[in-house]
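# Topology and contacts: notes
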Number of protein chains: 2
Amino acid sequence: MKHITILGSTGSIGVNALQIIRANPDCYRIVALTAAKNTRLLQEQIAAFRPKVVAVLNQAVALELKNRLTGASPPEILYGEHGYTEVATLEEADTLISAMTGAAGLVPTYEAIRSGKEIALANKETLVMAGQIIMNEAKARGVSIRPVDSEHSAIWQSLRGHPKEDVSRVILTASGGPFRNASVESMKNMVAAQALKHPNWDMGPKITIDSATMMNKGLEVIEAKWLFDLPMDQIGILIHPESIVHSMVAYKDGSVIGQLGVPDMKIPISYALSYPRHLPNSLPPLDFGKIGTLTFAEPDLQKFKCLDLALKAAQEGGSMPAVLNAANEMAVEAFLQGRIGFLNIPELIEKTLTAHRTRDIDSMETVLAVDKWARKTTERFIDGS
Amino acid sequence: MKHITILGSTGSIGVNALQIIRANPDCYRIVALTAAKNTRLLQEQIAAFRPKVVAVLNQAVALELKNRLTGASPPEILYGEHGYTEVATLEEADTLISAMTGAAGLVPTYEAIRSGKEIALANKETLVMAGQIIMNEAKARGVSIRPVDSEHSAIWQSLRGHPKEDVSRVILTASGGPFRNASVESMKNMVAAQALKHPNWDMGPKITIDSATMMNKGLEVIEAKWLFDLPMDQIGILIHPESIVHSMVAYKDGSVIGQLGVPDMKIPISYALSYPRHLPNSLPPLDFGKIGTLTFAEPDLQKFKCLDLALKAAQEGGSMPAVLNAANEMAVEAFLQGRIGFLNIPELIEKTLTAHRTRDIDSMETVLAVDKWARKTTERFIDGS
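### Comments concerning the confidence of the model for chain A
- Put simply, chain A has an average pLDDT of 95, and 99% of its residues get 70 or more.
- Here the predicted complex scores 0.96 on pTM and 0.95 on ipTM.

Below you can see the structure in the form of structure tokens.
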């Protein structure tokens with residue numbers, strides 16, 4: 001029996017995770033849940049899973065949630081950064097599903113590792129911003145970090161049972177997003193509603209825009225670098241619009257092991273929880289006769305500038321990926337608000353990266369300081385654009 | 001250092017295996033080689049690998065080989081069934097590559113298992129004819145049977161590191177052979193030269209015809225059943241004309257692990273030798289950007305009668321697969337000699353299967369008796385056709 005806390009239970013990963021947990025009551029029990037502001041859904045989740053503790057964004061949301069809860073024995077309600085961290089480190093839980101969006105997930109996840117929890121990691125920023133610190137801490141505490149992203153889960157599954165020393169490279173697949181076949185000219189005038197239409201995956205708005213710019217894949221490369229302890233030249237990207245091959249590992253003898261599946265986050269989430277088992281879930285089997293065709297192509301780094309910037313930041317290392325991530329969050333937010341155009345996203349990120357002098361990431365304080373600096377700098381560029 | 005004997009060193013598997021062995025002199029050493037009649041190539045192999053013992057088909061071939069060997073310290077030359085078995089059980093070898101074509105490989109492979117050799121198995125007939133006996137013997141002797149077929153190697157690799165109990169099914173891929181898109185009408189008049197043109201693999205004539213009839217895939221299903229101890233309803237077949245995905249394993253959570261690679265037998269051969277390592281070989285990496293497209297379709301059992309017959313024989317079990325195999329060998333031989341038409345192959349097999357009453361396979365004597373009966377019976381049907 002795993003005792004589980006979910007950071008970000010009302011997001012798409014959180015909702016899928018709860019479906020798996022609900023279907024396997026003999027394997028999993030919920031200890032705590034957190035959300036930002038969606039008190040309506042959190043209320044339903046509290047009724048269904050009876051967590052001991054919940055945490056939300058701030059005091060106002062906490063009060064709103066409190067007023068919604070009418071049943072007997074309501075959970076303890078915490079809020080704010082401190083509340084999230086307290087929930088992430090609760091003694092009763094042995095496993096944390098880290099599925100908050102954005103940089104806010106970093107500190108609670110770090111503290112959960114320090115308190116010895118197994119981590120099912122969906123929050124990209126944790127490794128992008130602070131990969132070195134996180135992996136060192138996990139190693140020191142004997143904590144395993146299980147990827148929840150479909151790509152990293154695929155790599156993880158494809159590495160199982162095969163010697164790491166024989167890996168020649170890992171190949172992350174990318175759908176190419178909604179603008180795979182769009183011209184750069186047409187991308188200039190794209191508005192949020194168009195970028196939010198992802199062909200294969202049903203995800204939150206931030207990650208869907210990241211998929212449209214392909215920044216998503218750049219962040220995943222940085223995550224893969226840390227998760228699997230690989231140099232950048234052993235990580236490749238392959239466009240695969242059908243999103244059936246979730247990623248692959250090429251070995252030195254020419255053998256390539258890949259993991260395939262329907263594009264449904266329930267597969268990587270349930271594997272992260274049931275590892276090393278592949279416990280049944282409610283998904284239909286992959287029907288290759290119906291799929292018919294799978295296609296592959298090299299990515300276009302000229303067109304997808306965000307991906308190019310991410311690879312360069314990853315190569316540079318140190319604090320550069322944290323700057324990339326912060327600048328991207330700010331730029332995407334500004335795009336979603338209609339303040340900037342689609343092609344301004346990479347422009348703003350590049351400006352911010354150029355304005356930054358790489359530092360070593362030696363502590364969580366440094367990470368947070370760099371993050372803060374990058375956000376301010378990008379915001380200034382947005383205002384000036 | 002592995003000390004290796006190859007049964008069938010002048011066939012396509014044998015030649016590929018020797019290339020791998022030559023490239024890794026620190027890992028592998030040849031103890032003995034066998035061939036049927038190709039003394040010219042065997043002579044070259046003897047000069048290059050200095051085996052202690054060799055064996056050939058009969059006394060006449062042995063004499064021919066002896067006359068070719070002029071160098072100092074020539075190997076001991078054995079011949080016939082007894083010679084093959086003696087070579088297969090030589091004390092100096094720890095590993096046997098079983099790559100003879102046809103039923104002749106069965107007894108030497110069986111005796112090698114009994115003498116405790118690790119088996120790299122390319123000979124299909126061993127498991128098709130005597131799967132139960134072979135697997136029981138291997139289990140009793142603590143011998144592992146490592147598949148060399150690309151499909152079984154792919155399944156083996158895709159099972160590594162994942163719990164067997166969580167397998168929902170294995171999916172053998174099939175190129176569909178040269179007649180994948182041919183009409184049944186046109187197949188009627190196919191001659192050997194057309195059937196021998198395989199689109200992806202460069203193999204011997206018997207297996208190439210088996211690929212054209214898709215009997216090959218039927219025999220592989222039977223092998224998979226024994227190698228991986230699976231019921232027939234957990235083994236599926238998928239047409240995949242590009243032969244890049246060599247086979248896959250579907251797990252109960254919807255995750256599918258597959259092994260991919262260029263269609264080159266060096267990959268499964270070298271994995272069978274270097275297992276669990278993926279030691280480098282000279283193959284270029286798989287270039288997905290160049291490949292572009294992979295396609296999949298359900299097999300047509302109406303058109304490929306041989307495959308249908310094989311699946312039915314496998315379902316029936318007992319001595320039926322041995323009869324299928326013997327009838328197929330005779331029919332293919334007759335087709336290659338121009339004695340019968342392409343569509344007579346399944347007709348003759350079906351007649352022989354119908355004439356057979358299933359027996360239990362309780363001993364190697366039973367297997368050989370059934371094999372003999374089936375050959376005679378098919379030969380009689382060929383003469384009468």
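### Looking at the packing of aromatic side chains
- Scanning all chains against the criterion turns up 12 aromatic pairs over all chains.
- With centroids separated by 5.5 Å and ring planes inclined at 70°, the aromatic side chains of A:Phe335 and A:Phe342 adopt a geometry described as edge-to-face.
- Consider the rings of B:Trp156 and B:Tyr275, whose centres lie 4.5 Å apart with planes at 25°: the pair is stacked. With B:Trp156 in helix α7 (residues 150-159) and B:Tyr275 in the loop between α12 (266-274) and α13 (288-291), this pair connects stretches of sequence that are 119 residues apart.
- Classification of B:Trp156 by relative accessible area gives buried; the value is 13%.
- We classify B:Tyr275 as partly exposed; its relative accessible area is 24%.
- Counting every residue linked through ring pairs, the aromatic cluster contains A:Trp156, A:Tyr271 and A:Tyr275.
- In this structure, A:Lys225 packs its charged tip against the face of A:Trp226, placed 4.9 Å from the ring centre.

### Thoughts on the interface of chain A and chain B
- Across the contact, 42 residues belong to chain A and 42 residues belong to chain B.
- Where chain A abuts chain B, roughly 3,500 Å² becomes buried across the two surfaces, and 54% of that area is made up of carbon and sulfur atoms.
- Summed over the three residues of chain A that lose the most area to chain B, namely A:Asp253, A:His278 and A:Phe288, the buried surface amounts to 21% of that side.
- Viewed at the interface, chain B and chain A are joined by 4 salt bridges.

### Quick word on the pattern of salt bridges
- Under the definition given, this model contains 40 salt bridges over all chains.
- For the salt bridge of A:Lys217 with A:Glu151, the shortest nitrogen-to-oxygen distance reads 2.7 Å. Of this pair, A:Lys217 sits in helix α11 (residues 215-227) while A:Glu151 is found in helix α7 (residues 150-159), placing the two residues 66 residues apart along the sequence. Each member of the pair, A:Lys217 as well as A:Glu151, carries the same accessibility label: buried.
- As a salt-bridge pair, B:Arg277 and A:Asp166 come within 2.6 Å of each other at their nearest N and O atoms. One end of the pair, B:Arg277, is in the loop between α12 and α13; the other, A:Asp166, is in the loop between α7 and β8 (167-174), on a second chain.
- Under the relative-accessibility criterion, A:Asp166 is labelled buried at 1%.

### Things to note about the packing of helix α6 (residues 124-141) of chain B against helix α17 (residues 364-384) of chain B
Residue and element names in this part refer to chain B.
- The interhelical angle for the contact between α6 and α17, taken along N-to-C directions, is 180°, at an axis separation of 10 Å. Judged by the angle between their axes, α6 and α17 are roughly antiparallel. Counted together, Met 129, Ala 130, Ile 133 and Ile 134 of α6 and Met 364, Val 367 and Asp 371 of α17 form the full contact between these two elements.
- Each residue belonging to the contact of α6 with α17 can be placed in one class, and the counts come to 6 nonpolar, no polar and 1 charged.

### A look at the pairing of strand β11 (residues 256-260) of chain B
Residues and elements named next belong to chain B.
- With 5 of 5 residues buried, β11 is to be regarded as a mostly interior element.
- Residues Val 256, Gly 258 and Leu 260 line one face of β11 and the alternating positions Ile 257 and Gln 259 line the opposite face, and both faces are buried.
- Pairing of strand β10 (residues 245-251) with β11, which is carried by 5 bridges, proceeds in the antiparallel orientation. Of the residues in β11, the one forming a bridge with Met 248 is Gly 258.
- Between the antiparallel neighbours β10 and β11 lie 4 residues, among them Gly 254 with a positive phi of about 95°.

### What to know about the packing of helix α11 (residues 215-227) of chain B against helix α14 (residues 305-316) of chain B
Residues and elements named next belong to chain B.
- Look at α11 against α14: their axes get within 7 Å of each other, and the N-to-C directions meet at 20°. The orientation of α11 with respect to α14, classified from their angle, is roughly parallel. The handedness of the crossing between α11 and α14 is right-handed. Note on element contacts: α14 touches α11 through Cys 306, Leu 307, Ala 310, Leu 311 and Ala 314, opposite Met 215, Lys 217, Gly 218, Leu 219, Val 221, Ile 222 and Lys 225.
- Across the contact of α11 with α14, the residue classes break down as 9 nonpolar, 1 polar and 2 charged.

### Description of the sheet that holds strand β2 (residues 28-34) of chain A
Residue and element names in this part refer to chain A.
- The 7 strands lie next to each other as β4-β3-β2-β1-β5-β6-β7, forming an open sheet whose pairing is parallel. Here the strands that pair on one side only, and so sit at the sheet edges, are β4 (76-79) and β7 (145-147). Neighbour-to-neighbour, the strand axes of this sheet turn through a mean angle of 25°, independent of strand direction.
- Relative to β7, strand β6 (residues 118-121) is paired through 3 bridges, and the arrangement is parallel. Of the residues in β7, the one forming a bridge with Leu 121 is Pro 147.
- Strands in contact with helix α6 (residues 124-141) are β5 (95-98), β6 and β7; relative to β7, the strand with the most contacts, it is inclined by about 145°.

### Focus: α17(B)
Residues and elements named next belong to chain B.
- The terminal C-alpha atoms of α17, which comprises 21 residues, lie 30 Å apart, in line with the 30 Å expected from a rise of 1.5 Å per residue.
- Regarding α17, the residues found buried are Met 364, Thr 366, Val 367, Val 370, Asp 371, Ala 374, Arg 375, Thr 377, Thr 378 and Ile 382.
- Buried residues along α17 sit against α5 (106-114), α6, α15 (320-336) and α16 (344-355).

### Examining the relation of the copies chain A and chain B
- Superposing chain A onto chain B takes a rotation of 180° combined with a translation of 0.0 Å along the rotation axis, leaving an RMSD of 0.0 Å. Accordingly, the operation relating the two chain copies is best matched by a two-fold axis. Considering only C-alpha atoms, the part of chain A nearest the rotation axis is A:Gly161, at 2.0 Å.
- Most of the interface of chain A is mirrored in chain B: 100% of its interface residues are interface residues there too.

Reading the values: rules and limits
- Residues numbered from 1 in each chain as written.
- Chains lettered and ligands numbered in written order.
- Predicted model: local features only at pLDDT ≥ 70, side-chain atom pairs only at ≥ 80, totals over all residues.
- Heavy atoms only, no water.
- pLDDT = per-residue confidence, 0-100.
- Phe/Tyr/Trp six-rings, centres within 6.5 Å; stacked < 30°, edge-to-face > 60°.
- Helix = DSSP H or I, 4+ residues; strand = E, 2+ residues; numbered from the N terminus.
- Buried < 20%, exposed > 50% of the residue type's maximum accessible area, 1.4 Å probe, protein only.
- Lys NZ or Arg CZ within 6 Å of the ring centre and 35° of its normal.
- Contact = heavy atoms within 4.5 Å.
- Buried area = accessible area lost by both parts, 1.4 Å probe.
- Salt bridge = Lys/Arg side-chain N within 4 Å of Asp/Glu carboxyl O.
- Axes fitted to C-alpha atoms, helices over the stretch in contact; angles between N-to-C directions.
- Parallel < 35°, antiparallel > 145°, perpendicular 65-115°, else oblique.
- Nonpolar A, V, L, I, M, F, W, Y, C, P; charged D, E, K, R; others polar.
- Pairing = 2+ DSSP bridges.
- Left-handed = near helix turned anticlockwise from the far one by under 90°.
- Expected span 1.5 Å × (residues − 1).
- Least-squares fit on C-alpha atoms with pLDDT ≥ 70 in both.

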